[in-house]
Each structure stands twice: as structure tokens, then as C-alpha cells.
Amino acid sequence: SGVYSDGEQEEKFGAEILSVEGEYILVITSRGYGSGVFEIRTEIGGEILATVPVNFCTVWETATVEAKIPDGTHPLYITFNGNGNPSLKSFRFIH
């Protein structure tokens, strides 16, 4: 489930990205009782490639951010860093 420390919650999600190159627009749809950011990485504990702000909300909201993903094939890690319990409905990349 999650890792809890100092009142902050970090939830981990994973997916696979194939043949990426260059900059992408990341589209994330989320909702829930949480305040913080989703952080996008290609390694656990690695460099944060993009952040998506999350606020308390009871309806699904969609946010878009620019993300520079290293060329190649990488696992994708989306973590939540903050307080509360938001839900991640979907994510996608637009090139």
C-alpha cells in the first residue's frame, strides 16, 4: 500500500513505457482527500522528472504537465507525496 512517515503518505504506482524519446505532456486524472504532488520518476528514488499538484477534491480533475522522459524503455513510477488519500484514475502521455 503505502509508506508513512512524519504524517506524509507516499503511494507507489508503476507502469511500463516503451520507446520514449524527447518531451511529453503528461495528463493525470485524480480526485480525493489529499494535498501534495504526484511525482514522476523512471527509478525508485531517482530524479523527479515531473510533478503534478493534487488538492482536496471530490470530483475527478485532470491536470497536464510537461515531462522530459529519458530516451529508451523505462519503468514509470508515479508516487504521491503529501497528506491524505487521493485516487489516481488514469494517466497518459501525449508526444
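Use the structure listed above.
About the cut-offs
Residues numbered from 1 in each chain as written. Predicted model: local features only at pLDDT ≥ 70, side-chain atom pairs only at ≥ 80, totals over all residues. Heavy atoms only, no water. Phe/Tyr/Trp six-rings, centres within 6.5 Å; stacked < 30°, edge-to-face > 60°. Helix = DSSP H or I, 4+ residues; strand = E, 2+ residues; numbered from the N terminus. Buried < 20%, exposed > 50% of the residue type's maximum accessible area, 1.4 Å probe, protein only. Core = buried A, V, L, I, M, F, W, Y, C linked by side-chain atoms within 4.5 Å. Contact = heavy atoms within 4.5 Å. Polar contact = N/O pair within 3.5 Å; in protein donor to acceptor, adjacent residues only side chain to side chain.

Q: What am I meant to see in the packing of aromatic side chains here?
A: What describes a pair of aromatic rings is the distance from one ring centre to the other and the angle between the planes of the rings. Applying the stated criterion to the full structure yields two aromatic pairs. Judged by centre distance (5.7 Å) and plane angle (65°), the rings of Phe38 and Phe80 are edge-to-face. With Phe38 in strand S3 (residues 23–41) and Phe80 in strand S6 (residues 72–94), the pair connects residues that are 42 residues apart, well separated along the chain. With a relative accessible area of 1%, Phe80 lands in the buried category.

Q: How should I be thinking about the nonpolar core in this particular structure?
A: As a rule of thumb, nonpolar side chains are buried together in soluble globular proteins. Judged by nonpolar contacts, the single largest core of 16 residues is most densely connected at Leu26, Ile28, Phe38, Ile40, Val52 and Ile78. Contributing elements (two or more residues each) for this core: S3, strand S4 (50–54), strand S5 (57–68) and S6. Broken down by element, the residue count for this core peaks at five residues, all from S3. Once residues lying within four places of it in the same chain are set aside, the contact partners of Leu26 are Ile40, Val52, Ala63, Thr64, Val65, Ala67, Phe91, Arg92 and Phe93.

Q: Would you mind going over the side chain of Glu39 with me for this structure?
A: Within the secondary structure, Glu39 sits in strand S3. Among the polar contacts listed, one links the side chain of Glu39 to the side chain of Arg41, at a separation of 3.2 Å. Glu39 has contacts with Ile48, Ala50, Thr51, Tyr77, Ile78, Thr79 and Asn81, leaving out every residue within four places of it along the chain.

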